[in-house]
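# Close look at the chain arrangement
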Amino acid sequence: MKGAARAELECVARAGHGAYYDAPDAAALARQLVRASQLSADAYRFDGTRITGGTTAARAAAVAPGQYLDTIGPGETRWYAAGLDATATAVLAVTAVPQPGVKVGYGDGIELKAASAGQYAFTCDTGSAHFGQDEGAMIVTAAVSRVPTAKGDGSCDKAGPYLLSVHRTSAPGSDQGRWPIEIRYGSEAPLKAGTTPAAAETGYGDKPAPLAGDPKDITGGTGFNDAAALTKGVWRDKLLPAQTRFYKVRLGWGQQLSYAAEFANEPVLDDASAASVWSYVETGTYGPGRQPVRDASGGDDHRSYTGKPLSVGLGTVPVTWTNRWVVGGSAPAVHSAGDYYIAVSLGPKAARLARNAAVGVVLRVDVTGDELAGPQYQAPALAKGQTKDDGKDGGQDGGPDAGKAAGKGGDSAAGRDSGGSDGGGFMTGFMTGKDMIAAGAGGAVALAAVGGVALVRRTKRGGA
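These numbers were taken from a predicted model, which means no experiment stands behind them.

As a further point, take the overall build of the protein chain. On a plain count of helices and strands, the protein chain comes out with six helices and 25 strands. Counting across all 464 residues of the protein chain, residues that qualify as buried make up 52%. Residue pairs at least 24 apart in sequence account for 74% of intrachain contacts in the protein chain once pairs closer than 6 positions are excluded. A total accessible area of about 19,500 Å² is found for the protein chain, and carbon and sulfur atoms account for 53% of it.

Encoded structure:
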C-alpha cells in the first residue's frame, strides 16, 4: 500500500494500539501473520492482585508486600502508600507492558519516586526506565529501594507511612493506549543480631573464558513470572521482532553471573539490504527483587542490528550482603542470593529486516565463584553439589526444593524468591505478603535511601 491508502491503514493500526507492517507479497503476509499470532500467544504472563492506584498522594492506594496489577495512561501518575518498619531492606519494582511495537518516542517510559509521607517529606529513591529508541514499545522495568543505613539514622530509616509514585512519560505522537503495569514489593529482613557481613565486592575480576559446547534448546519466558530457569551452559532460543525473552539463573552468596547473547548471520530481505534497514538487540539483568543490575564487566548491552553476527552481554559483581551500602556502580543491586533475571530483546524494526519469522540467539551463561554458606564474614564454601536448601534452613533460599520444604509446592513464592538463612533465623530474599506473615514480620512497602558504605572490598578475583 502507498500514499493515502497506507496512511489510512497506519491510522487504523494506531487507533487500535497496534503497529503497521508492509506485506507486499504472499510470503511477507505469511511471515507477518506468523509473527503477529506468536507475539499474541507469547504475551506477558501477568500475576498479582488487581488494584487502582490513587490519582493524588492523598488518595494513594494501600499496598502490603506482594504483587499487584494496575494500568497507567499517557502522562498519568499513580500513587501507592504503605507503612514501613525501620529495619527491612525492600525493593518495589514496576514493569510496564505496552502492546509490542506500538509507536513511542525516545523519552517514553516510566519514572518512579519513593518518599516519606507527611509535612516534612523526604525523597528516598528514584528510578526510571525509558525506551531510548523510537522503533516501537517494549517491556520496561524500573525499581526503587529502601536500604536502612548502617547506623539507622538516615532520613528514610524511620518507621511510618511512605509513598510510591509511578509516572508515565509520553510524547504527543506516541500510542495513547493504557499500559498494564505489574508492581512487585519484596522485603528482606535484617541480619541476625551479632552477625558481621562479608565486605562489599565492587570489582568484576578476570573475565572467564567463553563456554564451549553444543547449545541446548530452551524457550524463554514471557516475563518475570514464567522466566525459564537456566544453569551454567550454552542455550539456544528464538526471538520475534518486538519480543523480549526472560530467563533466570540462581546465584548463591559469593557467586557472580556472566553471559553473552549471540546472534548469528541472519538472512535479510532484499529490499532491506537496499534500503539499509537496521534495528537493535538489547539485554538487561535484574536482581531477585527485579531491580535493574548495571554491568560490571565492560560489556555491550545494546547494539545496532542489521542481520550480521553480533553479541550483547553483561557481568555482575559477586553477591554480597554489604553491596547494598555501596553508592553508585554495579554493586548495590547484587546484594541478595536468589534468582537473577536475564532479558534479551529484539527491536520491532527487525520485522522489516529479517527473512525468517524469528531470529535465532545463543546464550552462553556462566556462574563463577564458590557458593558460600551465608553472607557472614569468612563464611565457608559449600561442599560441591551442596546448596543452602539441603535441609539446613527450611528450604528458604530459593533453591529447587524451597517451595516443597515450605509445604507450598516447587513454584511457590517462597521457592522462587526467598534468598537464604544463616541457620540462625534471619531471612534474606524477597517475600510475598503470605511469607511475611509466616515469618512473623510486619509488612510495608520498602522505599528509601541507600546509606553509607560499611565494608568495601575491591580486590580482583581470579577466574571470577
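If you walk across this open sheet you meet the five strands as β12-β14-β22-β16-β20, and the pairing is mixed. The open sheet is flanked by β12 (216-217) and β20 (310-315), the only strands paired with a single partner. Judged from the seven bridges that link them, strand β14 (residues 233-239) and strand β22 (residues 359-368) form a sheet pairing that is antiparallel. Bridge pairing in β22 places D237 opposite V361.

Attention now goes to helix α2 (residues 26-41). Relative to the 22 Å expected for 16 residues at 1.5 Å per residue, α2 spans 22 Å between its end C-alpha atoms, a close match to the ideal helical length. If you check which residues of α2 are buried, you get A28, R31, Q32 and R35. Along the axis of α2, the buried residues cluster in a sector spanning 90 degrees; they form a single face. Opposite the buried face of α2, at more than 90 degrees from it, the exposed residues are A26, L33 and S40. Two to three positions downstream of the cap, the backbone nitrogen of A27 sits 3.2 Å from a side-chain oxygen, assigning the N-cap of α2 to D25.

This part is about the state of the cysteines. One pass over the full model with this rule turns up one disulfide. A disulfide bridge connects C124 with C156, and the sulfur atoms are separated by 2.1 Å. Since a negative S-S torsion denotes a left-handed disulfide, the C124-C156 link at about -85 degrees is left-handed. Pair noted here: C124 is in strand β7 (residues 123-130) and C156 is in the loop between β8 (140-146) and β9 (160-169), with a separation of 32 residues, a long-range link. Look at C156 and you get buried, because its relative accessible area is 4%.

Relative to the helices and strands, G313 resides in strand β20. The sequence separation of G313 and A260 amounts to 53 residues, and the corresponding C-alpha distance is 4.1 Å. Those residues in contact with G313 that sit more than four places away from it in its chain are Y259, A260, T283, G299, D300 and D301.

Quick look at unusual backbone geometry now. Leaving glycine aside, a negative phi is the common case for residues, and trans is the common case for peptide bonds. Backbone geometry at A242 places phi at a positive 70 degrees, although glycine is not the residue there. Within the secondary structure layout, A242 lies in the loop between β14 and β15 (243-251). Of note, the phi angle at Q378 is positive, near 55 degrees, even though the residue is not glycine. Under the relative-accessibility criterion, Q378 is labelled exposed at 65%.

Further remarks concern the side chain of S345. Mapped onto the secondary structure, S345 falls in strand β21 (residues 338-346). Exposure remark for S345: the relative accessible area of 7% places this residue in the buried category. One polar contact links S345 to T244, side chain to side chain, over a distance of 2.7 Å. Setting aside chain neighbours within four positions, we find S345 in contact with M138, L239, Q243, T244, Y280, V281 and E282.

Moving on: the packing of aromatic side chains. A complete count under the given rule lists six aromatic pairs for this structure. Centre to centre, the rings of F224 and Y286 are 5.3 Å apart; their planes meet at 85 degrees, and the pair counts as edge-to-face. Highlighted residues: F224 in the loop between β12 and β13 (228-230) and Y286 in strand β17 (residues 279-286), separated in sequence by 62 residues. On the numbers, 5.1 Å between centres and 80 degrees between planes, the contact of F224 with Y341 is edge-to-face. One end of the pair, F224, is in the loop between β12 and β13; the other, Y341, is in strand β21, with 117 residues separating them in the sequence. You'll find F224 and Y341 in the same group, each marked buried. Within the aromatic cluster, the residues linked to one another by ring pairs are F224, F246, Y286 and Y341. Across the ring face of W179, the terminal group of R168 is positioned such that the distance to the ring centre comes to 3.8 Å. It is R324 that lies over the ring of W321; its NZ or CZ is 3.4 Å from the centre.

Let us look at the confidence of the model for the protein chain. Here the protein chain averages 83 in pLDDT, and 83% of its residues register 70 or above. Ignoring residues within four places in sequence, the model shows residues 389-464, a span with pLDDT below 50, making 200 contacts including any to other chains.

A turn of α-helix holds 3.6 residues, and therefore any two residues three or four places apart point the same way. Compared with an ideal rise of 1.5 Å per residue, which puts 13 residues at 18 Å, helix α1 (residues 3-15) spans 19 Å between its outermost C-alpha atoms and is within 8% of the ideal. One or two steps after α1, the chain reaches H17, where phi turns positive at roughly 55 degrees.

With that settled, consider the pairing of β15. In terms of burial, β15 is a largely internal element, eight of the nine residues being buried. In this sheet, β15 lies alongside β13 in parallel orientation, the contact comprising three bridges. Along β15, the bridge assignment pairs A228 with Y247. In terms of strand pairing, β15 meets β21 through nine bridges, oriented antiparallel. Directly across from T244, in β21, lies its bridge partner S345.

About the cut-offs
- Residues numbered from 1 in each chain as written.
- Predicted model: local features only at pLDDT ≥ 70, side-chain atom pairs only at ≥ 80, totals over all residues.
- Heavy atoms only, no water.
- Helix = DSSP H or I, 4+ residues; strand = E, 2+ residues; numbered from the N terminus.
- Buried < 20%, exposed > 50% of the residue type's maximum accessible area, 1.4 Å probe, protein only.
- Contact = heavy atoms within 4.5 Å.
- Areas by Shrake-Rupley, 256 points an atom, 1.4 Å probe, with all protein chains shown as cover.
- Pairing = 2+ DSSP bridges.
- Expected span 1.5 Å × (residues − 1).
- Arc of directions from axis to C-beta.
- Polar contact = N/O pair within 3.5 Å; in protein donor to acceptor, adjacent residues only side chain to side chain.
- Disulfide = S-S within 2.5 Å.
- Phe/Tyr/Trp six-rings, centres within 6.5 Å; stacked < 30°, edge-to-face > 60°.
- Lys NZ or Arg CZ within 6 Å of the ring centre and 35° of its normal.
- pLDDT = per-residue confidence, 0-100.

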